[in-house]
Amino acid sequence: MSTTHPRRHEARVNITLNGQNGDMSDPVPFDATDQQIKHWSLEAIRSGTVSGISPRVAGSLEGCVIDRFPATATVPVNRIFVRPRTPFG
Amino acid sequence: MTTHIVLIGVGALGSHVALLARNLDVSLKVIDFDRIEQKNTLSQFHTRMSLGHNKACALAQTMMGLFGARIEAVPHRLTADNVDALLSGGDLLIDCLDNAASRRLVQRWARRHAVPCLHGALAPDGAYGRVIWDEHFVIDEAPEDNQATCEDGEHLAFIAQVAAVLVQSLQAHLAEGATPSYHLRRGEVVRVA
């Protein structure tokens, strides 16, 4: 599945849910709220456009965490991760 | 000059970090108040011979016995009252704790004293890990249905992989001052910063 390259104010979104993982096909504004990102992520999963995540696993993303990483020299694109919590060590 | 590293928490991740960092030109102090239970031997670098012993002390003994590697062990729980005493002297901190409250103590101390801090973190199901330098680290609270993590041994290889990436990031920092951070999923390591 092709993806759109993010512009400077946008970010690529990667989602991990119930052990499955994939990128949203379209970038989102880097400064979107956590709730917006979760909403768009769930919509994308349900529509079957997140390659790697079956629409059947789409449940709630309420327990997930949103991580934001601005572009750097080594990672030249803004990244947002929708991921499970990692409280243990 | 030898770098003095303080490793806080030597359970699943921390015990393997100590194992994999044994050849680095560093001095290592490990802090953990907990004792070794039978289930820990499935997912942590602790042995049946050490059952019932303090994790920090047992790890120091194991590393000396197996490799001749000297580790300073501190068998205490990190608290607001002793955080200065326990972390002072560290040139670099490694947080492999399993609770948000203690992580906050470490993070606040590291930021107040401008000491680099590398965090390792695991999801309850052992399927997601993070290796993050402090400037990007977000402390996750445990979910309400807080489940003990990684205790059945199924996730040992993933735990070891996260620990290996953590030590590689540490090596990059020691060699060139870099602070590479990563997210890990099974079979995938993603550099995030």
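Everything below is about the structure printed above this text.
Summary of the structure given here. (Residues numbered from 1 in each chain as written. Chains lettered and ligands numbered in written order. Predicted model: local features only at pLDDT ≥ 70, side-chain atom pairs only at ≥ 80, totals over all residues. Heavy atoms only, no water.)

Of the regular secondary structure elements, chain B holds six helices and eight strands. Going residue by residue from the N terminus, the α and β elements of chain B occur as β-α-β-α-α-β-α-β-α-β-β-α-β-β. On C-alpha atoms alone, chain B measures out to a radius of gyration of 15 Å, which is about the 16 Å that the 2.2 N^0.38 rule sets for 193 residues. Structurally, chain B occupies a C-alpha span of about 40 × 35 × 35 Å along its principal axes. Buried residues in chain B amount to 55% of all 193 residues. Considering only contacts within chain B whose residues lie at least 6 apart along the sequence, 60% involve residues at least 24 apart. (Helix = DSSP H or I, 4+ residues; strand = E, 2+ residues; numbered from the N terminus. Rg over C-alpha atoms; globule rule 2.2 N^0.38 Å. Buried < 20%, exposed > 50% of the residue type's maximum accessible area, 1.4 Å probe, protein only. Contact = heavy atoms within 4.5 Å.)

Leu7, Val17, Val30, Ile94, Leu122 and Val131 of chain B are the most contacted members of the largest nonpolar core, which has 38 residues in total. Tallying contributions element by element places helix 6 (residues 156–176) of chain B first for this core, with eight residues. Setting aside residues up to four positions removed in sequence, Leu7 of chain B forms contacts with Gly14, Val17, Ala18, Leu28, Lys29, Val30, Ile31, Ile94 and Cys96 of chain B. Counting 19 residues, the second largest nonpolar core, distinct from the first, contains Ile37, Ala44, Ile45 and Val50 of chain A. (Core = buried A, V, L, I, M, F, W, Y, C linked by side-chain atoms within 4.5 Å.)

Turning next to the packing of helix 1 (residues 12–20) of chain B against helix 3 (residues 55–67) of chain B. Residue and element names in this part refer to chain B. Running from N to C, helix 1 and helix 3 cross one another at 30 degrees; their axes reach a closest spacing of 11 Å. Accordingly, the angle class assigned to the pair helix 1 and helix 3 is roughly parallel. Judged by the twist between their axes, the crossing of helix 1 over helix 3 is right-handed. From helix 1, Ser15, Ala18 and Leu19 reach across to helix 3, where they touch Leu59, Met63 and Phe67. Considering only residue class, the contact of helix 1 with helix 3 consists of five nonpolar, one polar and no charged. (Axes fitted to C-alpha atoms, helices over the stretch in contact; angles between N-to-C directions. Parallel < 35°, antiparallel > 145°, perpendicular 65-115°, else oblique. Left-handed = near helix turned anticlockwise from the far one by under 90°. Nonpolar A, V, L, I, M, F, W, Y, C, P; charged D, E, K, R; others polar.)

A word on the sheet that holds strand 3 (residues 71–74) of chain B. The strands making up a sheet are joined through hydrogen bonds of the backbone, oriented either antiparallel or parallel. Residue and element names in this part refer to chain B. Read across the sheet, eight strands follow the order 3-2-1-4-5-6-7-8 without closing on themselves; strand pairing throughout is mixed. Strand pairing shows two members of the sheet lacking a second neighbour, strand 3 and strand 8 (188–191), which therefore form its edges. With direction set aside, neighbouring strand axes in the sheet form an average angle of 15 degrees. Pairing of strand 1 (residues 3–8) with strand 4 (residues 92–95), which is carried by four bridges, proceeds in the parallel orientation. Bridge pairing in strand 4 links Leu7 to Ile94. (Pairing = 2+ DSSP bridges.)

Attention shifts here to the packing of aromatic side chains. What the rule picks out here adds up to one aromatic pair over all chains. Directly above the aromatic system of Phe33 of chain B lies the positively charged group of Arg77 of chain B, at a separation of 3.8 Å from the ring centroid. (Phe/Tyr/Trp six-rings, centres within 6.5 Å; stacked < 30°, edge-to-face > 60°. Lys NZ or Arg CZ within 6 Å of the ring centre and 35° of its normal.)

All names here are of chain B. Running from N to C, helix 1 and helix 6 cross one another at 55 degrees; their axes reach a closest spacing of 8 Å. Judged by the angle between their axes, helix 1 and helix 6 are oblique. For helix 1 against helix 6, the interelement crossing comes out right-handed. For the pair formed by helix 1 and helix 6, the contact residues are Ala12, Leu13, His16, Val17 and Leu20 on the first element and Leu156, Ile159, Ala160, Val162, Ala163, Ala164, Leu166 and Val167 on the second.

With 31 residues of chain B at the contact, the number on the chain A side is 18 residues. Each partner contributes to the roughly 2,100 Å² buried at the junction of chain B and chain A, and carbon and sulfur atoms together form 62% of this total. In this structure, Arg130 of chain B and Asp67 of chain A form a salt bridge, with 3.6 Å as the shortest nitrogen-oxygen distance. Taken together, the links from chain B to chain A amount to eleven residue pairs in polar contact (both at pLDDT 80 or more). Elements with a minimum of two residues in the side of chain B that touches chain A: helix 1, strand 5 (117–122), strand 6 (128–133), strand 7 (182–185) and strand 8 of chain B. Here the residues of the side of chain B that touches chain A sort into 16 nonpolar, seven polar and eight charged. (Buried area = accessible area lost by both parts, 1.4 Å probe. Salt bridge = Lys/Arg side-chain N within 4 Å of Asp/Glu carboxyl O. Polar contact = N/O pair within 3.5 Å; in protein donor to acceptor, adjacent residues only side chain to side chain.)

This part takes up the pattern of salt bridges. Within this structure, the stated rule accounts for ten salt bridges over all chains. Its salt-bridge partner being Arg104 of chain B, residue Glu141 of chain B comes within 2.7 Å of it at the nearest N-O pair. Of this pair, Glu141 of chain B sits in the loop between strand 6 and helix 6 while Arg104 of chain B sits in helix 5 (residues 100–112), and the two are 37 residues apart along the sequence. By relative accessible area, which is 39% here, Glu141 of chain B ends up partly exposed. The partner of Arg130 of chain B in a salt bridge is Asp140 of chain B, with the nearest N and O atoms 3.6 Å apart. Here Asp140 of chain B lies in the loop between strand 6 and helix 6 and Arg130 of chain B lies in strand 6, a separation of ten residues in the sequence. Residue class for Arg130 of chain B comes out buried when judged on its relative accessible area of 0%. Given the relative accessible area of 4%, Asp140 of chain B is considered buried. Overlapping salt bridges, with partners in common, bring together Asp67 and Arg83 of chain A together with Arg130 and Asp140 of chain B in one network.

These results come straight from atomic positions and should not be treated as a statement about function.
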